[in-house]
Amino acid sequence: MIKHLVLFSFCLIIISPLKSQELVQPVNETKNYNWGVETELLAWRIGKFPKSFYLGGWYGQNQFKYSLATGYFDLVPNHLPDSFTNYKTFILNLKCDYFFNEEYKNFWIGPSLFFEKANMISEENYKSNLSYFAVGFSTGFLFLIKKLVYIGPSLQIHFPLGKHKYVISPDRFYYVPWSFEPGLRLGVKF
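Treat the numbers as computed from the prediction; the structure is a model and nothing was measured.

Asker: Could you give an account of the side chain of S52, with specific residues and numbers?
Answerer: Tracing the chain through its elements places S52 in the loop between β1 (33–40) and β2 (53–61). Only 3.1 Å separates the side chain of S52 from the backbone nitrogen of D74, close enough to count as a polar contact. Here S52 is in contact with W44, G47, Y72, F73 and D74, once residues within four sequence places are set aside.

Below, the structure is given as C-alpha cells:
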C-alpha cells in the first residue's frame, strides 16, 4: 500500500508545476480557492437504489482540485460481471484535477488513485472477497452554472496494480481488467 501512495504522490508532484507563474506569486495577490461536493451521475445507474451511493468532497486552490469520493454499490443484474449473481463493492477514489480555467470550469485533466473492496458470489455459488488498488487518469469538461452548480462529461481509465482474480469456481477465474469509464459529474462549488 505504501508504494501505491508514493506513486500517487509522485504523480501529484509531477503535475503540480504545470504553470510556472504559480510557483512564485506576488505578496498582494490573493489565492483562488474553493471547495464543494460532487457526484458521478452515471455511477448511480449501476447500483440498487437507495442502498447504493457515490459522493465526494473537494478542495481547490490555484487551478488544482483535490477530491476524495466514496461509494457503495449493490450492483443491478445488467451490470454484474459475467458468471456472477451478486456483487457488492465499496470504493474510494482520490483525484487531483488540473483546470485550465481559474474558476474550476471547462477542460481539466489529472491522475487518480482508486481502491475497491468487493464481495462477490458466482453462478456456481463460490464467494470471493477482493481488495485492490488501481492508478488512473481522467479528463473532462465542466459547465459552470451561475458560479455555483456544475455539470459535465468525463472519461476515466484505471489500471489495477497487481494481478487480482475474480473466482468463478476452483478451476475458473479471470483477472481484474483495466477499465475505461465514461461519466457525468454534477456538483456544487462554494
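Asker: Can you tell me about the pattern of salt bridges, naming the residues and giving the values?
Answerer: According to the stated counting rule, one finds eight salt bridges in the structure shown. Note that R185 is salt-bridged to E38, the shortest N-O span being 3.8 Å. Linking R185 in strand β10 (residues 179–189) with E38 in strand β1, this pair joins segments that are 147 residues apart in sequence. Overall, the relative accessible area of 8% leaves E38 in the buried class. Between K105 and E103 there is a salt bridge; the shortest N-O distance is 3.7 Å. For K105, a relative accessible area of 23% gives the class partly exposed. In this structure E103 comes out as partly exposed when scored by relative accessible area, which is 29%. Among the charged side chains, a salt-bridge network with shared partners connects E38, K65, K95, D97 and R185.

Asker: An account of the packing of aromatic side chains is needed here, citing residue identities and associated values.
Answerer: Summed over all chains, the structure comprises 17 aromatic pairs. The interplanar angle of 85 degrees and the centroid separation of 5.1 Å between the aromatic rings of Y98 and F100 together place this pair among those described as edge-to-face. On the basis of relative accessibility, which here comes to 2%, the residue Y98 falls in the buried class. A relative accessible area of 48% means that F100 is categorised as partly exposed. An angle of 75 degrees between the planes, with centres 5.7 Å apart, marks the rings of F99 and Y104 as edge-to-face. Of the two residues examined, F99 and Y104, each falls in the buried class. Among the aromatic residues, those joined into a cluster by ring pairs are W58, F99, Y104, W108 and Y150.

Asker: Account for unusual backbone geometry, naming residues and giving values.
Answerer: For the bond running from F49 to P50, omega is 5 degrees, close enough to zero to count as cis. Residue position: P50 is located in the loop between β1 and β2. Here the phi dihedral of Q63 falls at roughly 75 degrees; this positive angle occurs in a residue that is not glycine. Positionally, Q63 belongs in the loop between β2 and β3 (64–74). On the basis of relative accessible area, Q63 is assigned to the buried category, the value being 3%.

Asker: Which residues make up the confidence of the model for the protein, and what are the values?
Answerer: Overall, the prediction assigns the protein a mean pLDDT of 85, with 83% of residues at 70 or greater. Taken together, the stretch residues 9–15 has pLDDT below 50 and engages in nine contacts with residues farther than four places along the chain or on a different chain. Segment residues 17–25: pLDDT under 50, and nine contacts once partners within four positions in sequence are set aside and those in other chains are kept.

Asker: Provide a residue-level description of the sheet that holds strand β4 (residues 84–99), including the pertinent values.
Answerer: With antiparallel pairing, eight strands are arranged side by side around a closed barrel as β1-β2-β3-β4-β5-β6-β7-β10. For this sheet the average axis-to-axis angle between neighbouring strands, irrespective of direction, equals 25 degrees.

Asker: Outline the side chain of K65, listing residues and values.
Answerer: If you trace the backbone, K65 turns up in strand β3. Judged by relative accessible area, K65 falls into the buried class, the value being 1%. One polar contact links K65 to E38, side chain to side chain, over a distance of 3.0 Å. Every residue in contact with K65, bar those within four places of it in the chain, is listed here: E38, W58, Y59, G60, K95, C96, D97, F99, Y104, L142, Y150 and R185.

Quick notes on the rules
- Residues numbered from 1 in each chain as written.
- Predicted model: local features only at pLDDT ≥ 70, side-chain atom pairs only at ≥ 80, totals over all residues.
- Heavy atoms only, no water.
- Helix = DSSP H or I, 4+ residues; strand = E, 2+ residues; numbered from the N terminus.
- Polar contact = N/O pair within 3.5 Å; in protein donor to acceptor, adjacent residues only side chain to side chain.
- Contact = heavy atoms within 4.5 Å.
- Salt bridge = Lys/Arg side-chain N within 4 Å of Asp/Glu carboxyl O.
- Buried < 20%, exposed > 50% of the residue type's maximum accessible area, 1.4 Å probe, protein only.
- Phe/Tyr/Trp six-rings, centres within 6.5 Å; stacked < 30°, edge-to-face > 60°.
- pLDDT = per-residue confidence, 0-100.
- Pairing = 2+ DSSP bridges.
- Axes fitted to C-alpha atoms, helices over the stretch in contact; angles between N-to-C directions.

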